[in-house]
Each structure stands twice: as C-alpha cells, then as structure tokens.
Number of protein chains: 2
Amino acid sequence: MRLNIKLHALGLGLVLLASAAAAAAAEPQPRKPNIVFILVDNLGYGDIGAYGGGELRGAPTPDIDQLAREGLRLTNFNVEPECTPSRSALMTGRMPVRSGLDGQVANPGNRGGLSPWEVTLLELLQKAGYRTAMYGKWHLGEENGRLPNDQGFDEWWGFPKSSGDTLRELQPGWTAEIAPQQPLMEGRAGQPSEKVGVYNLALRPLMDGMITEKSVAYILDQAGSKQPFFLYVPFSLPHTPPLPNPKFADSGKTDYQNVLREIDANTGAILDALERAGLADNTIVVWTSDNGPETMQGIGVQYGAQADSGPFRGEFPSAWEGAIRTPAIIRWPGHVPAGRSSNALVSIVDFYATFARLAGVEADIPRDRAIDSIDQTDLFLGTADRSKRESVMFFYDSALLAVKWRNYKVHFQVRNTADGTVRVAGQGVTNGYVMTLNYPWIFNIENDPKELWNMSGTSEWLGQPVARVQAEYYRSLARFPNLKPGQEKPVAAQ
Amino acid sequence: MRLNIKLHALGLGLVLLASAAAAAAAEPQPRKPNIVFILVDNLGYGDIGAYGGGELRGAPTPDIDQLAREGLRLTNFNVEPECTPSRSALMTGRMPVRSGLDGQVANPGNRGGLSPWEVTLLELLQKAGYRTAMYGKWHLGEENGRLPNDQGFDEWWGFPKSSGDTLRELQPGWTAEIAPQQPLMEGRAGQPSEKVGVYNLALRPLMDGMITEKSVAYILDQAGSKQPFFLYVPFSLPHTPPLPNPKFADSGKTDYQNVLREIDANTGAILDALERAGLADNTIVVWTSDNGPETMQGIGVQYGAQADSGPFRGEFPSAWEGAIRTPAIIRWPGHVPAGRSSNALVSIVDFYATFARLAGVEADIPRDRAIDSIDQTDLFLGTADRSKRESVMFFYDSALLAVKWRNYKVHFQVRNTADGTVRVAGQGVTNGYVMTLNYPWIFNIENDPKELWNMSGTSEWLGQPVARVQAEYYRSLARFPNLKPGQEKPVAAQ
C-alpha cells in the first residue's frame, strides 16, 4: 500500500519503472538457477564408479559417473556422523549441535526434530521466489509442526523417519499395537500433513521408484515456468534393508549391488526429466550421501548392507573419514566447469550460504544465530582453487568427537571403532598394531587416509590451530546458546 | 645359397620378388610394437590419482593420470604377495611357486634367484628381434649367472636386490665386514656383470632419477631404429626407505608424498622421451606395481612408508586384496582404446603370452613346462569385454594362501592379518567383529571389497569350482614338477 502511494506521487518514477520492466522483458536477467538436490542414505565413499566403486563393486553406475564427468567431483566433502545431523546441517547451515540434533536419531514417538525456529534453506529460497518440493525421507521430525511443509517446502510426499522401521514386522510377536508402522505422508504448506499409507516391508523395495516417479513428474511440470524451483530428492536407498525394486532384482547379484544399480537408474531418470523439460542447463544438480556406510548384516545376508567406505576407515555413526566423507557431485552446465575434481575441504553446511548467494538472498541469512555455512560459490564455479573453509568440527551426542584442520584430524573421542586399533608412529612398530586409549589421536589424513598412524607423540604443535577452532566455537556459544534436544527456541530468544 | 640358386633358375620369380620387396618398402608391414614396462615397488592401489589417490593423498600424479586417460585402466589386476614372486611371474609367465620363487625374498648371500632354465619373456622377445634393456631393481638373483644379462636382457644397470638394504648402515655397530652394502651393477649379454658402485643410503634418494636418466637416454637412442625394443623400468620407489630426490623434497609434504610426486615426474619424463623420439604411437606402455603397500614406520616417521591400499584390506606379503591388487595401466595409441576401465580378472603372468602374441612369437612359448600365462590381447585391444581368465591362485612359501574364482575369494591360510578379524555373515552381528580361526574364509570381493564378511557358512557350493582350479594345478604338477628353491632344473629335466 505504502509503495503504491509513493509511486502515484512520483509519476515520472512510474514511467521509468515501466521502461525498466520492458527492458527486462527484452533482455531478461539471468534466471535464478533451479536446484535438484539428490541425497542418498548411508551410501559409502567407495560405492559408485566415479569414486572407485561401480563396476569394481559388481554394480556399474554409468549415469552417476556421467554426472561426475559433467560436473565437479568433490573428494573431501564432509557430512555429519549420522542421518538426522546431516539433514539438519543441510537445512540450517548450522552445525547440528547448535540445533539440538547432533545426537541419536529421535526415538519413535519422541516429538523432537528440527525446531520451527530454525530458518531453513527452503525458507530462504522461498524469499528468493523459489517453488520448493520434497519427495522421500525427512528424518527431522515426525509430527505436524515439524514436517517438511512446516519448514519451507510448498509440498512433500514421503516418510518422516528411517527405512529401518520397516523391519519391525519381522520381529516375532510384533503387532501394530506394540509399535505402529511408520506412516507414508503428504502435505502442503499451510495445511497439516496427512497419512496416505503405511511404509511397510512390502513397500520398502518400491519406495525409491515412487520417489523417482514423483520427482520426474514435478520436473516435467516446471517446464516453461518462469519461477525457479528447489527439488529435494532424499532417496531411501541404500539404507538397510537394501531391497531393490523388482525391476532391478538380478538374482546373480546381491541385494546391495542391485540397489546400487537402481540408485543409478533412478538418478538417470531424474537427469533425463531435466533434459526433457529443457531445464538441464539452468539447473544445479547436487548428488551426495548423508553419511558413510553401515555394513551390518544383522538380520541375515540377504538384507544386510555392505556399503563401502573406499580408501577410508570406519562406519557411521562416528567421525572416522569413512563415516563423514561421502561422494558429492555438483553439475551446472556452463557455470561449474565439467570434469573437475577437487580435494578442497567442504562441509554439508556450506550449501546453505552458497545457494543463498546463487539465489540472490544472501542478505536474508539470519544474523540472530550462529551460522556455520561458508559460501563456496567461487570453488564450485572454478574461480577459486581453494576452499574458504579451513576446519570442520564433528559433534555427536553433545560431545566433540573430532576436528579436521587442513590436512590433519584430531580425534578427542572415538565412537564405533569396532576394530579398536591405532598404530603409533615412530615407535619401532612394523606391521603391528598398538591399542591406545590416550586421546587425542592425530592423523595426517592426506598421507594416511585410513587413519592408522597416530601422530600425537610428534604433533603437539597441532593443538594450537585446533584450539583456535574450538575457542571460536565456544565464543559463539556465549552469544548464541545451542538449542537443547527438544527445545523450541534458544534461551535468549524464548 | 640354395635360395640364390633357386632364384637364378627362376628369372621371372626374381623380378616378382624384387617388386614385392619394393612394395613392402613403400607399404611397410606393421612394425612390432616397442614395449616400455614401468614397475614401481610396493605402491598401493590407492596411491595414484587415477585410482582414487593423488590429490586426495596430498600428492597429485597428473602424468600417470593422463596415461590412464589415454589407455586402459585395469581395476582387477592381480600380482603376487611380494616383490620377488611378482617379478618372477612377469619374467616367466608361470606362477612363482613353479619356479621356486614364491617365498621369502632370497636372503643376502643366498645364491637363489631365477634359474637360467626358465625361458624369460625377454628371451622370447629376443627371438622376435627385440632389443632388450633394463634399468633399476632386479630382485631375481644377485650373482653372475642369475642377473638380468643372463636372462635375456642385452644390457642392464641397477641393483640386484631390495632398497631396504640401504638401511643397514643406520644400525648401531654396523660395518661393511659384518654385512657389505649392496653393489650397484651393470652388465651386457655374454659378459659377466660388474660392480660399478655401492647402493648406499646416500644414493637411495638419487636412484630413481638415475633410472629415469638411463631410460630416457635409451629411448632417445632408439629413435629411427627399425628394430623393436623392450625397455624394463623397475623403479626403486616407493619402497622403504621412501626418500625423494632432493628436487622433489617439498618440506610441506611427507617423504612418501614427495616420492609419489617424484614417481609421477619420472613417469612423465619417460613418456616425454617417447614423444621426442617419435615412438609414442608404436610403443605399448605398461605402468604397474609389484605388490601392495608396506605401511611400516619402523625406523621413524621420516623414513616410513605409508602406501595406501585404496578400497582394499591388507598389506604385503599376504593374499588380501590390498596386497595382491595394484594399479595397471596399458597405453598403446590407436590399438588399446583410450579412457577405458575394466574390472576383468588379469594376472601379472598374463603379459608373457600377450606380449609373445603381439611380437609374433607365440609359437615359441615353451611346451616342456607349465605356463600359466593367458593371452589377454583381446581384452586389452577392446575386442573382448571379458577376460579369458576365471581364477588366480596365490601361493607363498609353498603354501596355497588363496584362490580367486570369478568374484569370489577363498582364503585357505591367512598371513599378515595384523588386525586379525573377520566378520561372520548371517549371525546377528551388527557392527561387531568376530575372530575366527576356521578356514576357509570366503568373500564376495565385489560386494565386499574389504573382505570383512566371511561367507563360509553359506558358500559351501563354492568349494566345487575352486576344487577344480586346485585339481588342474595338481594335475599339472604330475607332468611338470615345480622347481624347489635353489634348484636349477626340474627333476624330470635334469
């Protein structure tokens, strides 16, 4: 209203604005890029061909490998130790410990999840005029008020928690009264989400096919639209139970191999939809995994996952490289140079500031809270070789597990180290292993990617830069206290 | 003489033959390809960029990566558990257990080494008209009669044993009387090799530079020659002590990283010499490693090797994939399709029959002994997708350690498993490890490249194809007994 009055009062101004609008129509401003963000579940660094797996794993991944050749392949991309923390980091641009989501995945029935107080990436992109949609796994809350349509998605369809829930019906004596099955839900912004089915074991092999179908339909619907969109595709595979769609159930392969082939084909179908819609050129495609492998075979060979961590040690949830380093491919034709690899340090929190800049809403990044996201636009576009990031901190259950600083990693507390062994450098050990309980454990993760040789005896100096990283975090807490798990708002903001 | 008489008697024939000769000069027969075989020492599958290392290891390897892009990258290339056995396999086309060389590297002073009774690849290639030369590490015998110039090399320069010998002078109390230093030698066919220096710790960092210089000079000398050549370049690096040439001693990197950079640059210098000599197009270049990593840091951080086995488990000497799977790149412009990867099963013994065929001397492969080499020409040239090989056997110290059959591996005896643990599939173990001593251990090495999940409980059926592989070997022994270590000829041939 105020604007209209001002314009009426300034007749000339109005004409000028109209001319400017006409000029814009003739020479349109570069359109804001669409974004398709594909996130697979518990896939290891070594699973796909572009990262040394694929054919080597008996499961070629030609479509993902092609995507890597057409874009940027990050080889030092850091996620969080587990599903929920990684998804929280992606949505908020903040370390999940700040959001009370760095811990164990919320138990069934626990309200939990991402507080609506958080300003999600989607909410930023909506300010930039983006349509937003999600099909797949959420894992950031399971009740209305905490679901995707409460957090910046115009629409969503999928399941609120983990695919592992589908296994409950295998337990002897299980009934829905003891523990109900996970709902399949859908929702639109401004309305409560509704239960539209049950995500049970029968549906489990069909889930990613359904996610793909809905994603493809959404993309085709965007053809010709002037409005940019953000499509989030959090696939359910290869998380346990890794059951492939019957279309991909080659009996000469293991379930996990078939699942890798299915993930590749589903990725290909989404890329193909972008081509068919004429949107491939103006769409940023990101393909990554929320955390490293789970290799459990606890419920029998046929269901067990055998994700592979590539050259790294460890499994999720932990801060070993095998858990927190995953493939990450970024394609944007004509903007992100094709066929490039980079070992620069990038964190999953970095998409927040990067996408905000590319969408032109960097000024809307909130200043009333700690934001850990670093704008990596220059690295992605190839105008810089180096990351602006020098360190990453890994928290779990409120404990600082590890800090990566440049090419070093300092472990303060080690989780999930079933093999339990670390070698000690410079102590005359040849091909032997020494168990040590003295923390910190320090590794040169470039020279020793498997984190086998604890350098703590010779690397006391590293305490100084790492202490500075910690100090900066603790200073930020004084201004912006962390949300505690389940807390709606920080104390200062209550 | 007889030919001359016949030609004189057939005037017309002579004219026709002369015309044919003129036509041949105008359209020469395809020249036999030169071969440059670069073999690095104890480099792991994960060390170079083309196999997931390089920049990730803090040591970019652009020249080797470029070679991989221009040729075939094998991802299931199998060597032997240790240096001497792998070199024996390469030279003879026979499993080293047949040659009495499957065991511990010959001790200093032990005559040992490859028997002159063996028909080496070089002796075959000499029949095909090849010049042959070697610069670098031999490790197949250290006395005259067992040196490269006794085994089919026209000339050689280098050292007879291991670079580890250079460390003896660091031992307190060491004198040359207690254990002399290893000689540096050179030799020509038909003459005894001579000692031309000492391979001591001062020379160790310079060794690969010298090997490169001699290799480059040899290649440049071949420019314009009508005779094909085989040049064997067994580098000394990255074997312990991994000491880089001062030109590559970047103090911001570890010795091992600098050594990787040096290996890359030396490889580049050899490839560059082929270009300068105009020989690149008609030369097959092979780049591989004799066995997987040694990660000992026994004599201090600065000398320790930290080779990386990539996605595989284990270290040399053993039959874990980390020990017996190494990078292998094959370039032959216009013949081997560029930019291809293959996970087909290939063994280091296979070069023997393959090179014999490419040199046109397959008929000269001996029939009076067991030959394990399989001609892989079709696979290398891309006229076949699959290997003709279905299995590989791994012996060490006369014991059968393991058999690979298709995508399975059966371990009968495990060496060097310092971490000592294997998981048991289908037993309710989640993220836990179970120590087992029951052999065999069975792994699906595609689905489980780290050999973590012992499938023996569910894979009894695999005993049958593997038993057939063993039976074929034992049948061959009845006809062709193995040489015992130190034996000159098999009993039947004495």
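Further up the page is the structure itself.
Residues numbered from 1 in each chain as written. Chains lettered and ligands numbered in written order. Predicted model: local features only at pLDDT ≥ 70, side-chain atom pairs only at ≥ 80, totals over all residues. Heavy atoms only, no water.

1. Quick look at the overall build of chain A
Move 1: Helix and strand counts for chain A come out as 11 helices and 18 strands.
Move 2: The contacts of chain A with a sequence gap of at least 6 include a subset with a gap of at least 24, amounting to 71%.
Move 3: Of the roughly 18,700 Å² of accessible surface on chain A, a fraction of 54% belongs to carbon and sulfur atoms. (Helix = DSSP H or I, 4+ residues; strand = E, 2+ residues; numbered from the N terminus. Contact = heavy atoms within 4.5 Å. Areas by Shrake-Rupley, 256 points an atom, 1.4 Å probe, with all protein chains shown as cover.)

2. What to know about the side chain of Thr-354 of chain A
Residue and element names in this part refer to chain A.
Move 1: With respect to the helices, strands and loops of the structure, Thr-354 is situated in helix α9 (residues 350-358).
Move 2: Note on Thr-354: relative accessible area 0%, which makes it buried.
Move 3: Among the polar contacts listed, one links the side chain of Thr-354 to the backbone nitrogen of Gln-376, at a separation of 2.9 Å.
Move 4: Filtering out sequence-adjacent residues up to four positions away, Thr-354 remains in contact with Ile-374, Asp-375, Gln-376, Thr-377 and Phe-380. (Buried < 20%, exposed > 50% of the residue type's maximum accessible area, 1.4 Å probe, protein only. Polar contact = N/O pair within 3.5 Å; in protein donor to acceptor, adjacent residues only side chain to side chain.)

3. Structural notes on the sheet that holds strand β14 (residues 399-405) of chain B
All names here are of chain B.
Move 1: Spatial ordering of the open sheet is given by β13-β14-β15-β17, a layout of 4 strands whose pairing is antiparallel. The open sheet has two free edges, formed respectively by β13 (391-396) and β17 (441-444), since each of these has just one partner strand. Strand-to-strand, the axes of this sheet are offset by a mean angle of 15 degrees, without reference to chain direction.
Move 2: Along the sheet, helix α11 (residues 463-479) makes contact with β13, β14 and β15 (408-411), crossing β14 at roughly 125 degrees. (Pairing = 2+ DSSP bridges. Axes fitted to C-alpha atoms, helices over the stretch in contact; angles between N-to-C directions.)

4. A short note on the packing of helix α6 (residues 207-222) of chain B against helix α7 (residues 255-276) of chain B
Residue and element names in this part refer to chain B.
Move 1: As a packed pair, α6 and α7 sit with axes 9 Å apart at the nearest point and diverge in direction by 10 degrees. Taken together, the axes of α6 and α7 lie roughly parallel to each other. Every residue of α7 that contacts α6 at Asp-208, Gly-209, Thr-212, Ser-215, Val-216, Ile-219 and Leu-220 is listed here: Glu-262, Asn-266, Ala-269, Ile-270, Ala-273, Leu-274 and Arg-276.
Move 2: Partitioning the contact of α6 with α7 into residue classes produces 7 nonpolar, 4 polar and 3 charged. (Parallel < 35°, antiparallel > 145°, perpendicular 65-115°, else oblique. Nonpolar A, V, L, I, M, F, W, Y, C, P; charged D, E, K, R; others polar.)

5. Comments concerning the sheet that holds strand β11 (residues 340-342) of chain B
Across a sheet, strands are paired by hydrogen bonds formed along the backbone, either parallel or antiparallel in direction.
Residues and elements named next belong to chain B.
Move 1: The sheet built from 10 strands is open, its strands ordered β7-β6-β5-β4-β8-β1-β9-β10-β2-β11 with mixed pairing. This sheet does not close on itself; its edge strands, each paired only once, are β7 (194-198) and β11. Strand-to-strand twist in this sheet, taken as the mean axis angle between neighbours without regard to direction, amounts to 15 degrees.
Move 2: One ladder, built from 7 bridges, connects strand β1 (residues 34-40) with strand β9 (residues 283-289); its direction is parallel. When the sheet's bridge partners are listed, Val-40 is paired in β9 with Ser-289.

6. Some details on the pattern of salt bridges
Close approach of charged atoms lets side chains of opposite charge pair.
Move 1: Per the counting criterion, the structure on display carries 47 salt bridges over all chains.
Move 2: For Arg-357 of chain A, the salt bridge goes to Asp-375 of chain A, with nearest N and O atoms at 2.8 Å. Taken as a pair, Arg-357 of chain A in helix α9 and Asp-375 of chain A in the loop between α9 and α10 (377-381) lie far apart in primary sequence, 18 residues in all.
Move 3: A salt bridge links Asp-41 of chain B to Arg-87 of chain B; the nearest nitrogen and oxygen atoms lie 3.4 Å apart. (Salt bridge = Lys/Arg side-chain N within 4 Å of Asp/Glu carboxyl O.)

7. Quick word on α7 of chain B
Move 1: The terminal C-alpha atoms of α7 of chain B, which comprises 22 residues, lie 31 Å apart, in line with the 32 Å expected from a rise of 1.5 Å per residue.
Move 2: Backbone geometry just downstream of α7 of chain B places Gly-278 of chain B in the positive-phi region, at approximately 70 degrees. (Expected span 1.5 Å × (residues − 1).)

8. As for the packing of helix α3 (residues 62-70) of chain B against α7 of chain B
All names here are of chain B.
Move 1: Their axes nearest at 7 Å, the elements α3 and α7 cross at an angle of 55 degrees. Here α3 is positioned oblique relative to α7, judged by the angle of their axes. Where α3 approaches α7, its residues Pro-62, Asp-63, Ile-64 and Leu-67 are matched on the opposing element by Ile-263, Asp-264, Ala-265, Thr-267, Gly-268 and Leu-271.
Move 2: Considering only residue class, the contact of α3 with α7 consists of 6 nonpolar, 2 polar and 2 charged.

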